[in-house]
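Fold and geometry: a report
For reference, the chains in residue letters:
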Amino acid sequence: MKLKFDYNNMMRDAIGKQGLEESAFDKHAKDIQAAFQTVMDNRGKGWQEWCDLPFNQNEIVEEMLAYCGEIGKKADSFVVLGIGGSALGPLAVASALLHLHHNELPASKRKAPKLYVEDNVDPERMAALFDVIDLKTAYFNVITKSGETSETLSQFLILYKALKDALGEEEAKKHIIVTTTIGKGTLYRLAEKEGFKIYGVGAGVGGRFSVLCPVGLVPFAVLGLDVKALLKGAAAMAEACYIGDVRKNPALNSAFLQVMAMQSGKNISVLMPYADSLKFMADFYCQLWAESLGKAEDINGKTVHTGQTPAKSLGVTDQHSQVQLYTEGPFDKVVTFLAVDEFRTTQVITDDKAIDAGEFLKNHTMNELINAERKATEFALRKAQRANFTITLPTVTEETVGELLMYFMYETAFAGAMLHIDTFNQPGVEEGKKATFAMLGRVGYEEKMKEINAAPKLEKFII
């Protein structure tokens, strides 16, 4: 394991009464161990198939690297059509590992296709996509585990028609890869009929836990990322998460700290990367944490309305927009910093004698500055007795990103077990999906439409 986890500023020694007593680890040892055992007992089973993804994909990875690698050589653009975990995982990893202005690089400097992740159904956005891609050199990855996702199917229907018009039906089919559940769903049946290339999502791999299966690996292979190193890092973190000692298992440790924080009224979890490459890791984390832990009932059917609201922030940018609230507002937040020891480039702040400004900055580097600002924010929060936690990546690589992804997933699983909820369902999301189907006249949802029509028409309070 290459990542480092510093939880000093979660403890009473550092932040006074807002922190946790060290004795709490022993006081709650039975609950911690029960949660650990729940996750371990279900590893690789049911909705925890994601636990085995770093270890059981060797054969499919070899085939994927060959097939998708060839697409990467001939495509100018690669477009991911998906929403939720089908988009956020690929976006977070690609943004971490590609050049920060990847799509704007000239072809001579860009070693992989341009990447577009289309995760919304705003009609203006769809029109804008057509303005920046050439259908003759664009390839599309349609991702939906269920094969029924309205947003993704609508995008696909529009783009497949455009592809057929531009390339002809047979050639258009070669430009599409489908990632879905094998043998199930509208998209799978269509893909079989049309002859699209298909990759499968395991039955027990939920969307928000799917980044290390073909949902993420297909785009990464097309983009030329080191898929094997990503899985190697994930495996290293998985093995660290098998340790039963809460003081040595980073995911179990931080899950306990967050649950204790929730119980003391800290119902907001801020993820604050101090690296632009990790900006979209906050989006990935927000979905994982919110959908997994925000539940009305526990596993015994008791109404609990539990969960911790995730929020995203970017250091240094949001020091100038949010940190004032974090240091002096309500004591309702835990801030998790993502730090990077060594950036992949160094920018020296030059000593220009002709400019009489910023003397204290000259001959330092931006690398020093961004890390000094992070440490300064940690200090300010600690001084104000605000709970904060730091995860440090030695550098941003496939291996360390793989570790970070697996850490977030295990942390979420352990926290859900401690809260005694079903971490892996999403009944609140499903209700909205059913209502959407009904409003668009999908067969089989007539009763849901009757329910919608029977609801009171609220027009009194409109300005």
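Residues numbered from 1 in each chain as written. Predicted model: local features only at pLDDT ≥ 70, side-chain atom pairs only at ≥ 80, totals over all residues. Heavy atoms only, no water.

**A closer look at the nonpolar core**
Membership of the largest hydrophobic core comes to 104 residues, with the highest contact counts inside it found for Trp50, Val93, Leu212, Leu405, Tyr410 and Phe414. A per-element tally of this core places helix 16 (residues 398-418) first, with 13 residues. For Trp50, the contacting residues outside a window of four places in its chain are Gly204, Val205, Phe209, Met406, Met409, Tyr410, Ala413 and Phe424. Counting 24 residues, the second largest nonpolar core, distinct from the first, contains Met126, Phe156, Leu163 and Leu187. (Core = buried A, V, L, I, M, F, W, Y, C linked by side-chain atoms within 4.5 Å. Buried < 20%, exposed > 50% of the residue type's maximum accessible area, 1.4 Å probe, protein only. Helix = DSSP H or I, 4+ residues; strand = E, 2+ residues; numbered from the N terminus. Contact = heavy atoms within 4.5 Å.)

**Regarding the side chain of Gln155**
The topology assignment puts Gln155 in helix 7 (residues 150-167). Here Gln155 falls in the buried class, since its relative accessible area comes to 2%. Apart from residues lying up to four places away in sequence, Gln155 is in contact with Leu81, Gly82, Glu118, Asp119, Asn120 and Met126.

**Some details on the sheet that holds strand 5 (residues 176-180)**
If you trace the five strands from one edge of the open sheet to the other, you get 3-2-4-5-6, paired in parallel fashion. The sheet terminates laterally at strand 3 (114-118) and strand 6 (197-200), the two strands that pair on one side only. Ignoring which end each strand starts from, the neighbouring axes of this sheet average 20 degrees apart. Taken together, the four bridges between strand 4 (residues 138-143) and strand 5 define a ladder with parallel strand orientation. (Pairing = 2+ DSSP bridges. Axes fitted to C-alpha atoms, helices over the stretch in contact; angles between N-to-C directions.)

**Here's the deal with the sheet that holds strand 10 (residues 309-312)**
Taken together, five strands build an open sheet; the order of strands is 1-12-11-7-10 and the sheet is mixed. With one partner strand each, in any of the chains shown, strand 1 (4-6) and strand 10 form the two edges of the open sheet. Averaged over all adjacent pairs, the angle separating strand axes in this sheet is 20 degrees, with direction ignored. Note that strand 7 (residues 268-273) and strand 11 (residues 333-340) share six bridges and pair parallel.

**Topic: empty space enclosed by the protein**
Inspection of the entire model under this criterion finds two cavities of 30 Å³ or more. Of the pockets and cavities examined, the largest cavity occupies roughly 80 Å³. In terms of lining residues, the largest cavity is bounded by 13 residues, among which Gln258, Thr336, Phe389, Tyr407 and Glu411 are the most central. When residues of the lining of the largest cavity are traced back to their parent elements, those giving at least two are helix 12 (250-263), strand 7, strand 11 and helix 16. (1 Å grid on protein atoms, 1.4 Å probe; cavity = no way out; pocket = protein on both sides within 12 Å on 5 of 7 lines; lining within 4 Å. Points joined across faces, edges and corners; volume = space filled by probe spheres on them.)

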